[in-house]
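Each chain is listed here by its residues.
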Amino acid sequence: MEQPAGGAASADAADDAVEVLDRPLPEAVRRRVVALVSDAFGGLTVTELPAQLRQYARFTPTRRAKFAGNAMAAALEGDAAFRRRIGERLRETQPELSAALEAGSPPAAADPVDVAAAAYVLRPAGWVKLLAAAGEEAQRADAERADDETRRELGRLSEELAQARAQTRSETERLRSDLDAARKEAESLQRKLRSAANEVKRGEAALRRGRAESDAVRAEAAAQVSAAESETRRLRARLGEAEASVEAGRRAAREGRSVEDMRLRLLLDTVLEAAGGLRRELALPPSSMRPADTVDAVEPGRMSPKDIAARALSDTDPALLDQLLALPQAHLIVDGYNVTKTGYPQMPLEKQRLRLLGGLSVLAAQTGAEVTCVFDGAELAAPVLLAPPRGVRVLFSRAGVTADELIRQLARAEPSGRPVVVVSTDREVADGVAKAGARPVASLLLLKRLSRV
């Protein structure tokens, strides 16, 4: 039959007065007590908990044992009512161990640490002795465990020592063999050094002989140079005499030619004056016609892109593009990526643009036509830093506008009658610019023409 709370508290106080723990709890027993309190903690209401432990009511048992271990141990020691509630939970979870402890006969097969922890919570008669026995048992187990670890460590160190000795022996043998090899190599190097010293001596002797021969050659060359200089002075004297003779001959020739030039100029002036007098006498008007003006043909200024297209040139003949660009005020609009991906698609876009714009710059300089090259802005990951070449206008389509639409806008912006040539293989672009009066040509035609640049 359960005793009243006040009676249980009085009994606990009386027991505590009789039996008092005169030493700290062994660490193993303390950890087990904290674990028991943490497990029984969850079965209590918040009002049943001491005030200092209520903040840990929602923690898991593991977190309670980690963060509230000291607080739970202090509450268990100082709060008899809390200890009694924990004891009741312990009797429910471990009835056999609790009954044996309260009967004064703890089970012999039980873990001494578990027995001591339960005795500390339940506080049966002789619980202090049980804690002392558990502490001694724990110390004995720790000592045995330390001995086992020491023996294992000693065995491991012995094995490592044996391995180190074996390794030292092998390393010593290896070093001896390396030393023997080094000695042999040193002897070989000494022999090579003596041989090299002999070679150096022979080289120095050869160098001395070479220097002597070089001095002899220099002396001989100096003598030859002296002879050559004297011969040069003699030849220069003869050359001066020859130049004086030539100048005298030229002077005589100029005097004779000046007389003939004077006679010829006098005759030419006479003829010109006679022709001028004859023109004044006949009153002839100045002639504005030339023989070539009488030939029946069509002048370039009077031709249109359709006239050029009507000729017998093939659509892939580069001469067709030359004829179109020869028209007055011709404007060439190029679909950039359509041309580059037709001619050299394997190159990166940046190099495609540079190669095409370089060719268009030369073409603009050769033909004098206005050239505009259009690229699709959707192909760009970032703004392009590009200096357009001389004579070429470079445009990129805005966001949401394709290069094809920009080309059609450029064609529609031109006045009616101006020769506009659009280079693109895209059939939709070709049809669109044709409706605006422009002349579409294939990208292959421009590539062939640029290959001649």
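Keep in mind it's a predicted model, so treat the numbers as computed, not measured. (Residues numbered from 1 in each chain as written. Predicted model: local features only at pLDDT ≥ 70, side-chain atom pairs only at ≥ 80, totals over all residues. Heavy atoms only, no water.)

Engineer: What is the right way to read the overall build of the protein chain from this model?
Structural biologist: Each helix and strand in the protein chain was counted, giving 15 helices and five strands. Looking at the protein chain as a whole, 25% of its 453 residues qualify as buried. Counting contacts in the protein chain only where the partners sit at least 6 residues apart, residues at least 24 apart contribute 60% of the total. Within the structure as shown, the protein chain displays about 30,200 Å² of accessible surface, and the carbon and sulfur contribution to it stands at 55%. (Helix = DSSP H or I, 4+ residues; strand = E, 2+ residues; numbered from the N terminus. Buried < 20%, exposed > 50% of the residue type's maximum accessible area, 1.4 Å probe, protein only. Contact = heavy atoms within 4.5 Å. Areas by Shrake-Rupley, 256 points an atom, 1.4 Å probe, with all protein chains shown as cover.)

Engineer: Would you mind going over the nonpolar core with me for this structure?
Structural biologist: For soluble globular proteins, nonpolar side chains are generally found buried alongside one another. The biggest cluster of nonpolar side chains holds 32 residues, and the ones touching the most others in it are Val33, Leu76, Phe82 and Ile86. Every element with two or more residues in this core is listed here: helix H2 (27–41), helix H4 (69–78), helix H5 (80–93), helix H6 (95–102), helix H7 (112–122) and helix H8 (127–282). Take this core: its biggest share by element is nine residues, from H7. By size, the runner-up hydrophobic cluster in this structure holds 28 residues, among which are Leu320, Leu321, Leu357 and Val421. (Core = buried A, V, L, I, M, F, W, Y, C linked by side-chain atoms within 4.5 Å.)

Engineer: Looking at this model, I keep getting lost on the pattern of salt bridges. Mind explaining?
Structural biologist: Between side chains of opposite charge, a pair can form as their charged atoms come close. Taken as a whole, this structure holds 16 salt bridges when the rule is applied. A salt bridge links Glu405 to Arg412; the nearest nitrogen and oxygen atoms lie 3.3 Å apart. Glu405 sits in the partly exposed class, given a relative accessible area of 26%. Residue Arg418 pairs with Glu414 through a salt bridge whose shortest N-O separation is 2.9 Å. Given the relative accessible area of 17%, Glu414 is considered buried. (Salt bridge = Lys/Arg side-chain N within 4 Å of Asp/Glu carboxyl O.)

Engineer: Is there a simple way to explain the packing of aromatic side chains in this structure?
Structural biologist: Given two aromatic rings, one states the distance between the centres and the angle between the planes to describe the pair. For the structure shown, the criterion picks out two aromatic pairs. A centroid spacing of 5.0 Å and a plane angle of 55° characterise the contact between Tyr337 and Phe375, whose relative ring orientation is tilted. A residue pair is termed long-range when its members are at least 10 positions apart, and Tyr337 in helix H11 (residues 336–343) and Phe375 in strand S2 (residues 370–375) qualify at 38 residues. You can call Tyr337 buried: its relative accessible area is 6%. Looking at Phe375, the relative accessible area reads 0%, which means it is buried. (Phe/Tyr/Trp six-rings, centres within 6.5 Å; stacked < 30°, edge-to-face > 60°.)

Engineer: When you look at helix H10 (residues 318–325) in this model, what are you seeing that I'm missing?
Structural biologist: Structurally, the α-helix is built with 3.6 residues per turn, so residues lying three or four positions apart point the same way. Looking at H10, one finds that the buried residues are Pro318, Leu320, Leu321, Leu324 and Leu325. Along H10, the residues classed as buried sweep out an arc of 150° about the axis, all on the same side. (Arc of directions from axis to C-beta.)

Engineer: Help me out: how do you make sense of the side chain of Ser397 in this one?
Structural biologist: If you trace the backbone, Ser397 turns up in the loop between strand S3 (392–396) and helix H13 (403–413). Within the structure, the side chain of Ser397 is placed 3.2 Å from the side chain of Asp376, a separation counted as a polar contact. (Polar contact = N/O pair within 3.5 Å; in protein donor to acceptor, adjacent residues only side chain to side chain.)

Engineer: So what exactly am I meant to see when it comes to the sheet that holds strand S4 (residues 420–423) here?
Structural biologist: Spatially, the five strands line up as an open sheet ordered S3-S2-S1-S4-S5, and their pairing is parallel. Each having just a single partner strand, S3 and strand S5 (439–441) make up the two edges of the open sheet. Pairs of neighbouring strands in the sheet enclose a mean axial angle of 20°, with direction left out of account. The pairing of strand S1 (residues 331–335) with S2 spans five bridges and is parallel. From the neighbouring strand, Leu332 faces S2, where its bridge partner is Val371. Those strands touched by H10 are S1, S4 and S5, and its axis lies near 150° from that of S5. In the packing of H11 onto the sheet, contacts are made with S1, S2, S3 and S4, and the angle to S1 comes to roughly 60°. (Pairing = 2+ DSSP bridges. Axes fitted to C-alpha atoms, helices over the stretch in contact; angles between N-to-C directions.)

Engineer: Would you take a moment to explain the environment of Pro61 for this structure?
Structural biologist: Tracing the backbone shows Pro61 in helix H3 (residues 61–67). The exposure class of Pro61 is partly exposed, given its relative accessible area of 35%. Residues Pro61 and Ser38 lie 23 residues apart in sequence; the distance between their C-alpha atoms is 5.1 Å.

Engineer: Sorry, what's going on with unusual backbone geometry here?
Structural biologist: Excluding glycine, most residues fall at negative phi; most peptide bonds, likewise, are trans. A positive phi angle is found at Gln329, which is not glycine, with a value near 60°. Along the chain, the position of Gln329 falls in the loop between H10 and S1.

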